[in-house]
Amino acid sequence: MVSTILEGNPDKNLILVTGRAHPKLASDVAEQLGIEVLETTAYDFANGEMYVRFTESVRGADVFVLQTHAAPINKAIMEQLIMIDALKRASARSITAVCPLVGYSRQDKKHRGREPISCRLMFDLLKTAGADRIMSVDLHAAQSQGFFDGPVDHLIAMPVLVDYVRDRLDLSNISVVSPDAGRIRVAEQWAQRLGGGPLAFIHKTRDITRPNKAVANRVVGDVKGKDCVLVDDLIDTGGTIVEACKVLREAGAKSITVVATHGVLSGPAVERLQACGAREVVLTDTVPIPEEKRWDGLTVLSIAPLLASAIKAVFDDGSVAELFETYPEHHGQGFLFA
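As the structure is a computational prediction, the values presented were derived from the model and not from experiment. (Residues numbered from 1 in each chain as written. Predicted model: local features only at pLDDT ≥ 70, side-chain atom pairs only at ≥ 80, totals over all residues. Heavy atoms only, no water.)

This next bit is on the overall build of the chain. Tallying secondary structure elements over the chain gives 9 helices and 15 strands in all. With respect to the three principal axes, the spread of C-alpha positions in the chain is 60 × 50 × 35 Å. Looking at the chain as a whole, 51% of its 338 residues are labelled buried. For the chain, the proportion of contacts with a sequence separation of at least 24, taken over those separated by at least 6, is 64%. Carbon together with sulfur atoms contributes 48% to the accessible area of the chain, which is approximately 15400 Å² in total. (Helix = DSSP H or I, 4+ residues; strand = E, 2+ residues; numbered from the N terminus. Buried < 20%, exposed > 50% of the residue type's maximum accessible area, 1.4 Å probe, protein only. Contact = heavy atoms within 4.5 Å. Areas by Shrake-Rupley, 256 points an atom, 1.4 Å probe, with all protein chains shown as cover.)

This is the structure we're talking about:
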């Protein structure tokens with residue numbers, strides 16, 4: 001029988017708990033760790049309030065609270081905060097909030113007067129609830145780590161995604177494309193891992209008074225006849241990616257492979273991506289992607305081995321950074337598809 005506790009030395013115990021936002025990911029992570037997710041009683045009252053209770057003792061344990069902030073996002077966030085509070089009051093030794101996707105992470109700065117910095121508020125809420133540490137995958141802006149007064153393990157999905165793409169394209173003809181000027185640094189890292197090919201980016205304008213509205217104007221860089229790899233951190237409604245694909249096709253791109261970490265896929269995203277002309281869309285399962293949002297041109301890679309490896313490294317007081325020097329080979333399983 002598989003235990004819910006991973007024992008460590010000296011006298012350390014690892015426990016994984018999860019909310020209701022993405023239970024499949026939690027069970028996959030637990031399987032990688034060789035344990036089971038701790039059973040939790042969770043339900044909603046008639047007025048929408050939530051109740052959470054853990055069915056076993058967590059006293060003195062290092063507890064990892066896995067909850068991705070997926071739709072309904074505010075419910076997912078509140079449930080995680082309640083879980084963390086329950087753990088604190090139950091005398092957990094340490095509490096790590098594992099948020100594969102952090103809600104409100106795109107609101108990391110003020111564009112206009114009288115606006116909030118909601119990403120900072122998110123980290124403050126987690127800290128106040130009782131989180132000692134935060135673990136996330138591909139924050140919208142890496143400097144958001146500074147919003148939390150404590151350790152932040154900022155994991156990157158790039159090694160998983162790069163290794164998948166590398167096996168499926170002619171590396172001598174690849175051009176890595178950033179969907180905007182702000183992510184050129186990420187595109188540079190992609191290009192280095194794919195053999196140092198050329199870079200390009202899409203010059204776009206955004207109306208900051210309207211949500212999910214951007215216009216791609218032109219491509220900067222040589223993409224004619226190239227197999228373009230269009231990389232982004234998150235696909236929400238798909239508008240940015242679709243506009244970028246249109247510009248790349250007009251510039252003579254041979255093919256387009258869209259790659260992103262978080263597949264939020266809100267509203268018309270699926271229909272847009274199916275019709276955008278990309279040869280393949282590659283995502284990870286940091287947020288749940290139900291069957292009705294999947295199509296033949298979509299590949300979803302499991303992020304569970306990466307999360308499990310990072311959780312184990314934190315529990316063993318090891319180095320999280322060193323994981324990325326050998327990942328994905330170090331877990332010895334090849335690719336897991338979600």
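Right, let's get into the sheet that holds strand S2 (residues 12-18). The 6 strands are arranged S1-S2-S5-S6-S7-S8 in an open sheet whose pairing can be described as mixed. Each of the sheet's edge strands pairs with one partner strand only, and the pair in question is strand S1 (5-8) and strand S8 (152-155). On average, adjacent strands in this sheet sit at an angle of 20° to one another, irrespective of strand direction. Where strand S7 (residues 133-137) and S8 come together, 4 bridges link them in parallel fashion. Of the residues in S8, the one forming a bridge with Met 135 is Asp 153. (Pairing = 2+ DSSP bridges. Axes fitted to C-alpha atoms, helices over the stretch in contact; angles between N-to-C directions.)

With 47 residues, the main nonpolar core has Val 29, Leu 155, Trp 190, Leu 307 and Ile 311 as its most contacted residues. Looking at which element gives the most residues to this core, the answer is helix H8 (residues 304-315), with 9 residues. Counting residues in hydrophobic clusters, the runner-up holds 30 residues, among them Val 17, Cys 119, Met 122 and Phe 123. (Core = buried A, V, L, I, M, F, W, Y, C linked by side-chain atoms within 4.5 Å.)

Right, let's get into helix H5 (residues 184-193). The set of residues buried in H5 consists of Ala 187, Trp 190 and Ala 191. Buried residues in H5, looked at end-on, bunch into an arc of 100°, giving them a common side. In the segment just after H5, Gly 195 is the residue with positive phi, at about 100°. (Arc of directions from axis to C-beta.)

Another point: helix H2 (residues 73-89). Between its terminal C-alpha atoms H2 stretches 25 Å, which fits the 24 Å expected from 17 residues at 1.5 Å a residue. Buried residues of H2: Ala 76, Ile 77, Glu 79, Gln 80, Leu 81, Met 83, Ile 84 and Leu 87, and no others. Buried-residue contacts for H2 involve S2, strand S3 (40-44), strand S4 (50-54), strand S5 (62-66), strand S6 (94-99) and helix H3 (118-129). Directly after H2, the chain includes Ser 91, whose backbone phi takes a positive value near 70°. (Expected span 1.5 Å × (residues − 1).)

Before going further, it helps to examine the packing of aromatic side chains. Aromatic ring pairs are reported here in terms of the distance separating the ring centres and the angle at which the planes meet. In the structure shown here, the tally under the stated rule is 4 aromatic pairs. Ring centres of Tyr 43 and Phe 45 lie 5.6 Å apart, and the angle between their planes is 75°; this geometry places the pair in the edge-to-face category. On the accessibility criterion, Tyr 43 (36% relative accessible area) is partly exposed. What makes Phe 45 partly exposed here is its relative accessible area of 40%. Relative to Tyr 51, the ring of Tyr 43 lies with its centre 4.9 Å away and its plane at 25°, an arrangement referred to as stacked. Given the relative accessible area of 30%, Tyr 51 is considered partly exposed. Through pairs of rings, three or more aromatic residues link up here, namely Tyr 43, Phe 45 and Tyr 51. Lying over the aromatic face of Phe 315, Lys 12 brings its terminal NZ or CZ to 4.9 Å of the ring centre. (Phe/Tyr/Trp six-rings, centres within 6.5 Å; stacked < 30°, edge-to-face > 60°. Lys NZ or Arg CZ within 6 Å of the ring centre and 35° of its normal.)

The full count for this structure, using the stated rule, is 17 salt bridges. Ionic pairing is found between Asp 28 and Lys 24, a salt bridge with its closest N-O pair at 2.8 Å. On the criterion of helical spacing, the pair formed by Asp 28 and Lys 24 is a turn pair, its members being 4 residues apart in helix H1 (residues 23-33). For Asp 28, a relative accessible area of 15% gives the class buried. When its relative accessible area of 46% is taken as the criterion, Lys 24 is described as partly exposed. Between Asp 124 and Arg 120 there is a salt bridge, with the nearest N and O atoms lying 3.0 Å from each other. Of this pair, Asp 124 and Arg 120 both sit in helix H3, 4 residues apart, which is roughly one turn of that helix. (Salt bridge = Lys/Arg side-chain N within 4 Å of Asp/Glu carboxyl O.)

For Ala 21, the location among the structural elements is in the loop between S2 and H1. Counting along the chain gives 239 residues from Ala 21 to Ala 260, while the straight-line C-alpha distance between them is 20 Å. Once you skip the residues sitting within four places of it in the chain, Ala 21 turns out to touch Gln 67, Thr 68, Ala 76, Glu 79 and Pro 288.

As a further point, take the state of the cysteines. Here a disulfide denotes one covalent bond, and it connects the sulfur atoms of two cysteines. One pass over the full model with this rule turns up 0 disulfides. No disulfide involves Cys 228; its sulfur sits 9.3 Å from that of Cys 245, the nearest cysteine. The thiol of Cys 276 is unpaired, and the distance to the nearest cysteine sulfur, on Cys 245, comes to 3.9 Å. Cys 276 gets classed as buried once you look at its relative accessible area, which sits at 1%. (Disulfide = S-S within 2.5 Å.)

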